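# Analysis of the macromolecular model
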Amino acid sequence: CSTGIPFDGGLRCLCWKILLNYLPLEKALWSSLLKKQRDLYSQFLKEMIIQPGIAKANLGVSREDVTLEDHPLNPNPDSRWNTYFKDNEVLLQIDKDVRRLYPDMAFFQRPTEYPCLLILDPQNEFETLRKRVEQTTLKSQTVARNRSGVTNVRSSSPLKTTPNSMSEYEVLPNGCEAHWEVVERILFIYAKLNPGIAYVQGMNEIVGPLYYTFATDPNSEWKEHAEADTFFCFTNLMAEIRDNFIKSLDDSQCGITYKMEKVYSTLKEKDVELYLKLQEQNIKPQFFAFRWLTLLLSQEFLLPDVIRIWDSLFADDKRFDFLLLVCCAMLTLIRDQLLEGDFTLNMRLLQDYPISDVHLILKKAKELQDSK
């Protein structure tokens, strides 16, 4: 796997599920485990999206939901309504981020072949995540009066973007859902089940390549369950890298600062001249390596190249030590430009990395690994 998994026959999807500890090595156990996990995911959908949606839809019809104990203005932190409004804040942030996933590709804006029937059942009147976002956004419109008394409605809606990009966000007809809506649901459920970390910007960039890989699986009976399988693989992957997203751990041994320093200490070992040059220009690793490490390079390369890099990262038995070597390889491959450049030029090189050939980068990383 570390030398690149062929896409044919859904081999990559299968290998990733094994490498991310979703599937056991014992093939005989696969079908029962997958059934159990996919049923569990349906349960999450019912509890976290469908039931709150039904409660909200019933509000106008039956008053039984609004009791003295629990109503929308209840200040009690345990109130279901309080939770609902808090969830909406998280949902709006997720919504803004997932709509922008890989804007250079049409994939995430396209309808999925396997929309979630539990949620899109035409009999349902309940509030879906899409309706929730639309309603919350309408409510958060701010009305501003200018001096002459004219009222402007200023919307904080993620849908209100520049006119050119409106076409990107065309809402699909009822009964269809775009791939980004599936990613939104995965992240929302993850945030609900992991309140300690909830949702942090950037998680959308981690779930995107996983979902894309599973949702384009040539094997249709696996592809149909891309949402549930992505959710569990994402959860397992986050269990390994979540410390990068937790601010309070930044300076601990498992936090992101330690890992960024490790990139520089590895560089010092491999190429002391380049290391000293970056030090002298006061180019700190957090200026570029923070994004490289936290997002597993998912924003530095095109999606097919990110997926190829992830083959090697997931296959690394030391779990992401190889990522540090990939970062070092990226630095050493542009060493001549960095040694000649000034601070501004070098920052531009590091924040918009110039080499697009990931095979060259991985080959160099392997050389660095073998030269230990």
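Rules used throughout
Residues numbered from 1 in each chain as written. Predicted model: local features only at pLDDT ≥ 70, side-chain atom pairs only at ≥ 80, totals over all residues. Heavy atoms only, no water. UniProt positions renumbered as here; feature names shortened; annotations may be inferred. Helix = DSSP H or I, 4+ residues; strand = E, 2+ residues; numbered from the N terminus. Buried < 20%, exposed > 50% of the residue type's maximum accessible area, 1.4 Å probe, protein only. Phe/Tyr/Trp six-rings, centres within 6.5 Å; stacked < 30°, edge-to-face > 60°. Expected span 1.5 Å × (residues − 1). pLDDT = per-residue confidence, 0-100. Contact = heavy atoms within 4.5 Å. Core = buried A, V, L, I, M, F, W, Y, C linked by side-chain atoms within 4.5 Å. Domains from an automatic or database assignment. Polar contact = N/O pair within 3.5 Å; in protein donor to acceptor, adjacent residues only side chain to side chain. Axes fitted to C-alpha atoms, helices over the stretch in contact; angles between N-to-C directions. Parallel < 35°, antiparallel > 145°, perpendicular 65-115°, else oblique. Left-handed = near helix turned anticlockwise from the far one by under 90°. Nonpolar A, V, L, I, M, F, W, Y, C, P; charged D, E, K, R; others polar. Salt bridge = Lys/Arg side-chain N within 4 Å of Asp/Glu carboxyl O.

As annotated in an unreviewed UniProt entry, the protein is TBC1 domain family member 13 from Sula dactylatra. The Subunit (unreviewed entry) field of the UniProt record for the protein holds the comment "Interacts with RAB1A and RAB10; in a GTP-dependent manner."

Looking now at the overall build of the protein. Helix and strand content of the protein: 17 helices and two strands. Looking at the 372 residues of the protein, the share that counts as buried comes to 48%.

If you walk through the whole model with that rule in mind, you get 18 aromatic pairs. For the pair Phe107 and Tyr211, a centre-to-centre distance of 6.3 Å together with 45° between the ring planes defines the contact as tilted. In this pair, Phe107 sits in the loop between helix 3 (80–98) and helix 4 (117–120) while Tyr211 sits in helix 7 (residues 203–215), placing the two residues 104 residues apart along the sequence. By relative accessible area, which is 9% here, Phe107 ends up buried. On the numbers, 4.9 Å between centres and 65° between planes, the contact of Phe288 with Trp292 is edge-to-face.

Attention now moves to helix 6 (residues 179–193). Under the 1.5 Å per step criterion, the end-to-end length of helix 6 is 22 Å for 15 residues, consistent within 8% with the ideal 21 Å. Counting buried positions along helix 6 gives 13 out of 15 residues, so the element sits mostly inside the fold.

Attention now goes to the confidence of the model for the protein. Of the residues in the protein, 81% have a pLDDT of 70 or more, and the chain-wide mean is 84. For the stretch residues 141–168, pLDDT sits under 50, and the model shows 31 contacts to residues farther than four places along the chain or on other chains.

Here the focus is the nonpolar core. Phe234 and Trp310 are the most contacted members of the largest nonpolar core, which has 107 residues in total. In terms of residue count, helix 14 (residues 321–333) provides more of this core than any other element does, 10 residues in total. Split by domain, the residues of this core number at least three in each of domain 1 (11–24 + 31–54 + 76–138 + 175–244) and domain 2 (247–371). If we skip the residues at most four places from it in the chain, Trp310 touches Trp16, Glu205, Ile206, Pro209, Leu210, Leu295, Leu296 and Ser298.

Our next topic: the side chain of Gln109. The residue Gln109 is located in the loop between helix 3 and helix 4 in this model. A distance of 3.3 Å separates the side chain of Gln109 from the backbone oxygen of Arg99, its partner in a polar contact.

Taken together, the buried positions of helix 1 (residues 11–19) are Arg12, Cys13, Cys15, Trp16 and Lys17. Residues of helix 1 that are buried in the fold lie against helix 7, helix 8 (220–223), helix 9 (226–241) and helix 13 (303–314). Count one or two residues on from helix 1 and you reach Asn21, which has phi positive near 60°.

Let's shift gears to the environment of Asp305. Following the sequence through the fold, Asp305 ends up in helix 13. Linking Asp305 and Ser356, residues 51 residues apart in sequence, is a C-alpha distance of 8.4 Å. In this view, Asp305 contacts Ser356 and Val358; residues no more than four positions away in its chain are not counted.

Between helix 13 and helix 17 (residues 358–370), whose axes approach to 10 Å, the crossing angle comes to 20°. Classed by the angle they form, the pair helix 13 and helix 17 counts as roughly parallel. Judged by the twist between their axes, the crossing of helix 13 over helix 17 is right-handed. Between helix 13, through Asp305, Arg308, Ile309 and Ser312, and helix 17, the contact on the second element is made entirely by Val358, His359 and Leu362. Partitioned by chemical class, the residues of the contact of helix 13 with helix 17 number three nonpolar, two polar and two charged.

Turning next to the pattern of salt bridges. Note that side chains of opposite charge can pair when their charged atoms are close. Enumeration according to the criterion identifies 17 salt bridges in this entry. Across the salt bridge formed by Asp97 and Arg100, the nearest N and O atoms sit 3.0 Å from each other. Here Arg335 ties to Asp271 by a salt bridge, and the two come within 2.6 Å at their closest N and O atoms. Placement of Arg335 in helix 15 (residues 335–340) and of Asp271 in the loop between helix 10 (256–270) and helix 11 (272–280) is noted, with a sequence separation of 64 residues between them. Residue class for Arg335 comes out partly exposed when judged on its relative accessible area of 23%. One continuous salt-bridge network, built from bridges that share partners, spans Lys17, Arg38 and Asp229.

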